[in-house]
Amino acid sequence: MRQEPASPIAPPAHAPSTGGTETAQGAWLVFGAALAWSFGGAIARGLETSDPWTVVAWRSVFAALFLLGFMLWRDGPAGTLRLFRTMGLPGVAVACCFATASISFVVALGHTSVANILLMQAGVPLIAALLGVVFLSENVDRVTWAAIFAVISGIAVMVSDSFAASVSFMGDGLALLIAVVFAAATVITRRNAGVRMTPAVCTGVLIGAVVGLTLSESLAVSGPDLVLLLLFGALNLGLGMALFVTGARLIPSALAALISTTEPVLGPVWVWLIHAEVPAPRTLAGGALVFAALIGHILWQWRKSRRMALPLPN
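Rules used in this analysis
- Residues numbered from 1 in each chain as written.
- Predicted model: local features only at pLDDT ≥ 70, side-chain atom pairs only at ≥ 80, totals over all residues.
- Heavy atoms only, no water.
- Buried < 20%, exposed > 50% of the residue type's maximum accessible area, 1.4 Å probe, protein only.
- Helix = DSSP H or I, 4+ residues; strand = E, 2+ residues; numbered from the N terminus.
- Arc of directions from axis to C-beta.
- 1 Å grid on protein atoms, 1.4 Å probe; cavity = no way out; pocket = protein on both sides within 12 Å on 5 of 7 lines; lining within 4 Å.
- Points joined across faces, edges and corners; volume = space filled by probe spheres on them.
- Nonpolar A, V, L, I, M, F, W, Y, C, P; charged D, E, K, R; others polar.
- Salt bridge = Lys/Arg side-chain N within 4 Å of Asp/Glu carboxyl O.

Asks: Please explain helix α6 (residues 124–136) as it appears in this structure.
Replies: Residues spaced three or four apart along an α-helix point in a common direction, a consequence of the helix completing one turn every 3.6 residues. Where α6 is concerned, the buried positions are Val124, Pro125, Ala128, Ala129, Gly132 and Leu136. Burial along α6 is one-sided: seen end-on, the buried residues are contained in an arc of 130°. Immediately beyond the C-terminal end of α6, within one or two residues, lies Ser137, with a positive phi of roughly 55°.

What follows is the structure, given as structure tokens:
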């Protein structure tokens, strides 16, 4: 049987082999997740509710309902229950990672700027690549490393205006925590490619719901806020997580994290279009650098795959 061309980041020996079609599907699913997540800042900007724990509670509840409904529709009641029973320790670990990330994101917004959070998220591809090398023995080639550092540089340019602002240890610490646990979830999902992680992320948002309900001052919100919280939970968080854990198991960890960096690039664009906040010139310049790095890496991978697929000369 003819083998598919190798990915630029070779999967670990214990992971199932990934064909070109599955790799493309995984990349598109992760991109869809980043697209859904990128609306988070624009939605949060429109909320009138000031208590972050109330936002965490409602967002997590709506995300959990979306994910549970999706699994019931796809797998039926018996299949959904079986998925929860078989997710094992990897699923619990992913649940804890996403619970930590989703809670930290909302709380961090009250202590530091969105720009600082985006800067920390720029480190996710590098952290995921390092974790992949250590725990999965993945080989990251020089072109992918160059793309990762270009992405980090681009987002650093985007948020460089914030360097003069006062630093919040708690806010920036939470932002760094988001990057670390997100990278860890990416690697765990890749390492356990045979495990369905949708029940894991559902468990993660249920943890967030319990924390939010426990710490919130009041769950009373206005009608417009309830609609925004529905979008914030079901589409931004729930749909984004479902797409990510489905796609991340099909592609290498560093590549999944690299594609997901489209979230902090597109985020300011939606704020600009929805709230008429024009991005700063540095934001536009940094975003252009990130997109150039991503597109360049995708074109390089496509060209390499085509070249390897050509028959060898006699």
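Asks: Got a minute to help me understand empty space enclosed by the protein in this structure?
Replies: Leftover empty space is mapped by rolling, across the atoms, a probe with the size of a water molecule. In the structure shown here, the tally under the stated rule is 1 cavity of 30 Å³ or more. Estimated volume of the largest cavity: approximately 300 Å³. Trp37, Gln121, Ile178, Phe182 and Glu263 are, among the 18 residues lining the largest cavity, the residues nearest its centre. Of all the elements in the fold, those that place two or more residues in the lining of the largest cavity are α4 (88–109), α8 (169–191), α10 (223–248) and α12 (262–275). With 4 residues, α4 is the single largest residue contributor to the lining of the largest cavity. The residue inventory of the lining of the largest cavity, partitioned by class, reads 10 nonpolar, 6 polar and 2 charged.

Asks: Even after reading the chapter, I still don't get the pattern of salt bridges, so can you show me in this structure?
Replies: In this structure the tally under the stated criterion is 2 salt bridges. A salt bridge links Arg74 to Asp75; the nearest nitrogen and oxygen atoms lie 2.8 Å apart. A residue is classified by how much of its surface remains accessible, and Arg74, at 29% relative accessible area, is partly exposed. Overall, the relative accessible area of 25% leaves Asp75 in the partly exposed class. In this structure, the salt-bridge partner of Asp75 is Arg196, at a minimum N-O distance of 3.3 Å. Here Asp75 is found in helix α3 (residues 52–86), whereas its partner Arg196 is found in the loop between α8 and α9 (198–215), with 121 residues between them in sequence. Of the residues examined, Arg196 reaches a relative accessible area of 31% and is grouped as partly exposed. Through salt bridges that share partners, Arg74, Asp75 and Arg196 make up one connected network.

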